[in-house]
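# Close look at the chain arrangement
Here are the chains, one letter per residue:
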Amino acid sequence: MEIGIDSFASAMYGSEELSSQVAMEQLLDRIVAADQAGLAIFGIGEHHKKEFLDSVPAVILAAAASRTRNIRLTSAVTVLSTSDPVRVFQSFATLDIISKGRTELVVGRGSAIESYPLFGFNLDDYDALFREKLELLLQIRGEEFVTWSGQFRPALQNQPIYPRPVQEKMPVWLGAGGTPQSFVRAGRLGLPLMVAVIGGQTERFRPLIDLYRKSGQEAGFAPEQLKVGLHSPGYVGEDDASAIADYYPGYAELWTKLGRERGWPPVTRRTFDALIEPKGVLVVGGPETVAQKLLRHSEALGGVDRFTFQMDNAGLTHPQLLRSIELIGTKVIPLLKPNTGN
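Summarised in this report is the structure supplied together with it. This structure is a prediction, so every number in the text was calculated from the model and none was measured.

Looking now at the overall build of the chain. Helices and strands together make up the secondary structure of the chain, namely eleven helices and 14 strands. Computed over its C-alpha atoms, the radius of gyration of the chain comes to 19 Å, within 12% of the 20 Å expected for a compact globule of 342 residues. Expressed as lengths along the three principal axes of its C-alpha atoms, the size of the chain is roughly 60 × 45 × 40 Å. Here the chain holds 342 residues, and 54% of them are scored as buried. A separation of at least 24 residues holds for 71% of the contacts in the chain among residues at least 6 apart in sequence. Carbon together with sulfur atoms contributes 52% to the accessible area of the chain, which is approximately 14800 Å² in total.

Where helix α5 (residues 126-142) contacts helix α6 (residues 180-189), the two axes come as close as 13 Å, and the packing angle between them is 15°. What the angle tells us is that α5 and α6 run roughly parallel. In terms of crossing hand, the pair formed by α5 and α6 is right-handed. From α5, D127, F130, R131, L134 and L138 reach across to α6, where they touch Q181, R185 and L189. In the contact of α5 with α6, the residues fall into four nonpolar, one polar and three charged.

Moving on, we come to the packing of aromatic side chains. Here the structure, examined in full by the defined rule, presents ten aromatic pairs. Between Y251 and W255, the ring centres sit 5.7 Å apart and the planes meet at 35°, which makes this aromatic pair tilted. Pair noted here: Y251 and W255 are both in helix α8 (residues 240-262), with a separation of four residues, about one helical turn. By relative accessible area, Y251 is classed as buried at 3%. One aromatic cluster is present, formed by Y235, Y247, Y248, Y251, W255, W264 and F272 through successive ring pairs. Here the guanidinium or amino end of R269 rests over the ring plane of Y248, the centre of that ring lying 5.2 Å away.

What counts, and where the lines are drawn
Within each chain, residues carry numbers counting from 1 in the order of the written sequence. Where totals are concerned, whole chains, interfaces and linings use all residues; where local detail is concerned, this predicted model gives features only for residues with pLDDT of at least 70, and gives and counts side-chain atom pairs only at 80 or more. Values reported for side chains reflect all heavy atoms of the structure, with hydrogen atoms and water molecules removed beforehand. Secondary structure counts use DSSP, requiring at least four H or I residues in a row for a helix and at least two E residues in a row for a strand, with both numbered from the N terminus. Radius of gyration: over C-alpha atoms. The globule rule applied is 2.2 Å multiplied by the number of residues raised to the 0.38 power. Under the scheme applied here, a residue whose accessible area is under 20% of the maximum for its type counts as buried, over 50% as exposed, and between as partly exposed, the area being computed with a 1.4 Å probe on protein chains only. Here, two residues are considered to be in contact whenever any of their heavy atoms come within 4.5 Å of each other. Calculation of accessible area relied on Shrake-Rupley with a 1.4 Å probe; when residues are assessed, cover is drawn exclusively from the protein chains displayed. Angular values range over 0 to 180 degrees, each being the angle between N-to-C directions of two axes fitted as lines to C-alpha atoms, with helices fitted over their stretch in contact. With respect to orientation, any angle under 35 degrees is reported as roughly parallel, any angle over 145 as roughly antiparallel, any angle of 65 to 115 as roughly perpendicular, and every other angle as oblique. Two helices crossing with the near one rotated counterclockwise from the far one by less than a right angle form a left-handed crossing, whereas a clockwise rotation gives a right-handed crossing. Under the convention adopted here, Pro, Cys and the residues Ala, Val, Leu, Ile, Met, Phe, Trp and Tyr are nonpolar, Asp, Glu, Lys and Arg are charged, and Gly plus all remaining residues are polar. For this analysis, a ring pair means two rings from Phe, Tyr or Trp (six-membered ring only for Trp) whose centres lie within 6.5 Å, classed as stacked if their planes differ by under 30 degrees, edge-to-face if by over 60, and tilted for the remaining angles. In our convention, an over-ring charge means Lys NZ or Arg CZ found within 6 Å of a ring centre and within 35 degrees of that ring's normal.

Structural measurements only, silent on function.
Set out below in structure tokens:
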């Protein structure tokens with residue numbers, strides 16, 4: 001199981017607002033720390049809000065590429081529905097050149113929808129936009145000269161797309177939140193699947209992941225081609241008690257605020273405690289607890305190839321985040337290796 005981190009480039013830690021320059025420098029320091037700690041992947045999301053600095057993830061990742069050596073760098077996710085697939089490919093192909101072949105993409109429709117009015121797209125076209133643009137992105141990945149036509153973008157007639165990435169087939173993962181059609185789509189295309197699990201019990205996704213694997217195998221893809229990743233909120237502390245004490249206040253504040261925007265109930269300590277139980281979504285605790293939970297999630301879902309922590313939006317300080325990255329590298333990953341064959 002590969003272990004990594006996803007970030008939304010938060011410019012706030014709890015109620016403490018940072019300058020954009022300080023927040024960005026600290027984020028880059030954390031990516032360097034993750035590289036040095038032996039983590040496999042670091043992802044940057046895409047939002048268009050005041051509190052986040054990730055509106056152009058490829059630029060942040062390019063800065064990180066110049067300061068790292070081994071860690072793979074990915075979007076998490078690129079909102080492909082409101083982006084031009086040609087420019088997305090060009091940006092990440094350029095990143096692949098800068099990083100010497102360490103680039104990946106996770107693409108999705110976007111659970112945050114602010115990019116739709118910003119770039120002039122209609123939410124009524126939510127799925128049609130993504131379906132068409134994913135088709136074009138994959139064609140560009142496979143063909144240097146592209147002939148294509150669709151509804152939402154001008155046609156291309158034997159048009160060369162440059163630059164080309166270092167990797168012959170730059171990995172493109174499909175991000176999914178819980179819609180069955182997304183799991184079927186990923187399977188039929190043979191794309192690795194990244195599942196965002198942010199609430200409830202992780203094992204509830206087993207039927208959808210089974211649907212993904214079934215769809216992929218029916219489309220002729222081998223089981224080893226159908227990779228599954230999980231993205232969940234989480235944090236590793238020195239032990240369970242200190243991890244919970246560090247994480248809960250900021251988590252409750254953030255998710256209660258999000259709840260007011262999206263119609264969710266406020267976070268209480270009782271609901272939080274349910275989420276940190278063995279089957280709950282929050283991967284919060286000391287190294288042993290976290291490792292056991294990741295292995296349990298993998299078993300419940302029929303095998304997980306990658307897990308990424310989302311942990312910088314819960315009021316945690318930069319030193320706390322750096323220490324958590326260190327613990328993931330020195331404590332959690334070694335506990336996973338004997339059980340995963342890595």
